[in-house]
Amino acid sequence: MRTQSKLYFYLTISAVLLVIIAVLSLNTGVYDFGGNSAFKVLWQFIKGDPNLSLSDKYVVWDVRAARIIMAILIGSMLSVSGTSLQGLFKNPLATGDLIGLTSGATLLAAIAIVLGGHFKEYLPEAVQFSLVGISAFIGSFLSMMLVYRISTSGGKTNVVMMLLTGVAITAIGFSITGFLIYISKDEQLRDLTFWNLGSLAAATWTKNIILGVVLIIAYIILLPKGKAFNAMMLGEKDAQHLGINVERLKKQIIIIVALMVGTCVAFSGTIGFVGLIVPYILRLLFKSNYAFILPLSALCGSILLLTADTFSRSIVAPSELPIGILTALMGGPIFIAILVKFKKAL
């Protein structure tokens, strides 16, 4: 009972911090609301104030609020996907971007952007509307399956093989995406640049609804798996003896993580290292207790990405720094720190 109370305490602290950052982010920007704060303008919009100007309404609701919600949703899903992969592979280096999931999703999304016009008209209308998103999910899923098949043998995962497979997938994705950039038109080139650098500038409420649905479905299945992940840390055979259906758990993680990463890439492009930074910090605080790490990573991932996005649109204002650059800048030193820790453990 004390453990649950402790978890709820940390979740409450994280939620309060997330709300504070969201309010600060809402008030960050070069647009002038005529002396009012963005939060006050948002409250006027919620109350339906007829005196609220259309430009104020558009900036505070359709630009800033939509972007904040997208940062919260994508940051949360990227963090939980990284945490889940680390629980599956029993290794802190297993994240979507390092083992090639993000590259696979980006590659098929790029193919859909550049070549989709040649076959889109032959597809059902519902598929045409979400072709890039579906392609990103398929790319993420195929990459996940390839990494799992190559790096896992006899129920054990070879970490070196896992990382090398990710490097190979990333190299293939980079080369094909480079070719697509070479043959793309101006509009397609802008879209491809967006995917490669990562940005939340294209946030809309429609996209947020889709992300929210994916998040709810994924978390209903994943978040209660904390004890199962703890059992997996003992080894697959021991986990089976404890009543864990290991094969079913693996399939669930593979499909759900592919869905989350694919959806995030489809709407925000390549945003790396979120799934590495958050679990690493939480693991320093709570060891490898996934009953704590998994739910907390959902909130802490949102805090990290929302903070990074707020900086990305204020550092070089009125221009915007691609958020993927900031997350890579933060994640690189942590990746090196993990490698150094592994070296000492050998």
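Everything below is about the structure shown above.
All of these numbers come straight from a predicted model, not from anything done at the bench. (Residues numbered from 1 in each chain as written. Predicted model: local features only at pLDDT ≥ 70, side-chain atom pairs only at ≥ 80, totals over all residues. Heavy atoms only, no water.)

Engineer: I tried to follow the state of the cysteines on my own but got confused; where do I start?
Structural biologist: Linking two cysteines covalently through their sulfur atoms gives a disulfide. By the definition in use, this model includes 0 disulfides. Looking at C264, it has no disulfide partner, and the nearest cysteine sulfur is the one in C300, 17 Å off. Given the relative accessible area of 19%, C300 is considered buried. (Disulfide = S-S within 2.5 Å. Buried < 20%, exposed > 50% of the residue type's maximum accessible area, 1.4 Å probe, protein only.)

Engineer: How should helix α12 (residues 246-268) be read in this particular structure?
Structural biologist: Two residues of an α-helix separated by three or four positions point the same way, owing to the 3.6 residues in each turn. Its 23 residues place the ends of α12 32 Å apart at the C-alpha level, agreeing with the 33 Å of an ideal helix rising 1.5 Å per residue. Among the 23 residues in α12, 18 count as buried, and that is most of the element. Backbone geometry just downstream of α12 places G269 in the positive-phi region, at approximately 80 degrees. (Helix = DSSP H or I, 4+ residues; strand = E, 2+ residues; numbered from the N terminus. Expected span 1.5 Å × (residues − 1).)

Engineer: Just checking my understanding: could you explain the nonpolar core for this structure?
Structural biologist: Note on soluble globular proteins: their nonpolar side chains tend to be buried together. Counting residues in each nonpolar core, the largest one holds 88 residues, and the members touching the most others are F89 and M260. Per-element accounting of this core gives the leading share, 15 residues, to helix α3 (residues 54-89). Listed in part, the 6 residues of the second largest apolar core include A110, V114, L192 and W195. (Core = buried A, V, L, I, M, F, W, Y, C linked by side-chain atoms within 4.5 Å.)

Engineer: What is the right way to read the packing of aromatic side chains from this model?
Structural biologist: Two numbers describe a pair of aromatic rings. These are the distance of the centres and the angle of the planes. Taken as a whole and assessed by the stated rule, the structure comprises 7 aromatic pairs. A centroid spacing of 5.6 Å and a plane angle of 65 degrees characterise the contact between F9 and Y10, whose relative ring orientation is edge-to-face. Look at Y10 and you get partly exposed, because its relative accessible area is 30%. Members of the aromatic cluster, joined through ring pairs, are F9, Y10, F286 and F292. (Phe/Tyr/Trp six-rings, centres within 6.5 Å; stacked < 30°, edge-to-face > 60°.)

Engineer: Got a minute to help me understand the environment of S84 in this structure?
Structural biologist: Looking at the secondary structure, you find S84 in helix α3. S84 gets classed as buried once you look at its relative accessible area, which sits at 0%. With 136 residues separating them in the primary sequence, S84 and I220 have C-alpha atoms 14 Å apart.

Engineer: I would appreciate a short explanation of the pattern of salt bridges in the present structure.
Structural biologist: A side chain of one charge can pair with a side chain of the opposite charge when the charged atoms of the two come close. As enumerated under the stated definition, the model contains 4 salt bridges in all. Of the charged contacts, one joins R67 and D309 as a salt bridge, the two residues approaching to 2.8 Å between their closest N and O atoms. You can see R67 sitting in helix α3 and its partner D309 sitting in helix α14 (residues 290-312), a full 242 residues away along the chain. Taking relative accessible area as the criterion, R67 reaches 9% and is therefore assigned buried. Each of the salt bridges in this network shares a partner with another, and the network as a whole consists of R67, D309, R313 and E320. (Salt bridge = Lys/Arg side-chain N within 4 Å of Asp/Glu carboxyl O.)

Engineer: Quick question: what am I supposed to make of a nonpolar patch on the surface here?
Structural biologist: Taken together, the side chains of L115, F119, Y122, F179, Y182 and I183 define a hydrophobic patch exposed on the protein surface, amounting to about 700 Å² of accessible area. For the nonpolar patch, the secondary-structure elements that each account for two or more residues are α4 (101-119) and α7 (159-183). Of all the elements, α7 adds the most residues to the nonpolar patch, at 3 residues. Inspection of the secondary structure puts F119 in helix α4. Since its relative accessible area comes to 34%, F119 is described here as partly exposed. (Patch = residues over 30% accessible without salt bridge, like charges linked within 9 Å, V, L, I, M, F, W, Y side chains within 5 Å. Areas by Shrake-Rupley, 256 points an atom, 1.4 Å probe, with all protein chains shown as cover.)

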